[in-house]
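Tertiary structure, described
Next come the chains, spelled out residue by residue.
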Amino acid sequence: MSMRDRILAAFAALEPQHLEVLDESHMHSRGLETHYKAVIVSPVFAGLNAVKRHQKAYGSLGELMGQFHALALHTYTPEEWAAQGAAPDSPTCKGGSKHDH
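It should be emphasised that the depicted structure is a prediction, and the values quoted were computed from it without experimental measurement. (Residues numbered from 1 in each chain as written. Predicted model: local features only at pLDDT ≥ 70, side-chain atom pairs only at ≥ 80, totals over all residues. Heavy atoms only, no water.)

Turning our eyes to something else, we now look at the packing of aromatic side chains. Across all of its chains, the model carries 2 aromatic pairs by this definition. Each ring, one from Tyr36 and one from Phe68, has its centre 5.6 Å from the other, and the planes form 75 degrees; the classification is edge-to-face. Of the two residues, Tyr36 sits in strand β2 (residues 35-41) while Phe68 sits in the loop between α2 (50-61) and β3 (70-76), which places them 32 residues apart along the sequence. Across the pair, exposure class does not vary: Tyr36 and Phe68 are buried alike. Summarising the aromatic geometry, the rings of Tyr76 and Trp81 are spaced 5.2 Å apart at their centres and angled 50 degrees between planes, so their arrangement reads as tilted. Using a relative accessible area of 8% as the deciding quantity, one classes Tyr76 as buried. (Phe/Tyr/Trp six-rings, centres within 6.5 Å; stacked < 30°, edge-to-face > 60°. Helix = DSSP H or I, 4+ residues; strand = E, 2+ residues; numbered from the N terminus. Buried < 20%, exposed > 50% of the residue type's maximum accessible area, 1.4 Å probe, protein only.)

Laid out in structure tokens, this is it:
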């Protein structure tokens, strides 16, 4: 099972009404299956600020968090998603990781 599929399966615990997990590793210099973008629309986010939403998302991933380099989270309630309808585009990587030589 790919890392993307494992992330999708973990986020199912949030009972999303809309879920996208994009592998954006090709935009970075850290290798394959390293950088992801997740768009999660779930009623469990109602009444929570961004930090608490992200904590819920990270909590659902558990040990998977240590198996990839980066995750851009975009979390919405169904009402917010209906009003916005799209997550922002990811920026182009500028490199400069402390791991690059």
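Here the narrative resumes.
For helix α1 (residues 3-11), the set of buried residues is Met3, Ile7, Ala10 and Phe11. In a view along the axis of α1, the buried residues occupy a sector of 95 degrees, so they form one face of it. Here the buried face of α1 lies against β1 (18-23), β2, α2 and β3. (Arc of directions from axis to C-beta. Contact = heavy atoms within 4.5 Å.)

Pairs can form between side chains of opposite charge whenever their charged atoms are close. A full pass over the atoms with the stated rule returns 2 salt bridges. One salt bridge in this structure joins Arg4 and Asp5, with 3.6 Å as the shortest N-O distance. Asp5 sits in the partly exposed class, given a relative accessible area of 35%. When the shortest N-O distance is used, the salt bridge between Glu80 and Arg53 registers 2.7 Å. Here Arg53 lies in helix α2 and Glu80 lies in helix α3 (residues 78-84), a separation of 27 residues in the sequence. Take Glu80: its relative accessible area is 32%, and that puts it in the partly exposed class. Relative accessible area serves as the criterion here: at 7%, Arg53 is assigned to the buried category. (Salt bridge = Lys/Arg side-chain N within 4 Å of Asp/Glu carboxyl O.)

Honestly, that's just the spatial picture; any functional story needs more than this.
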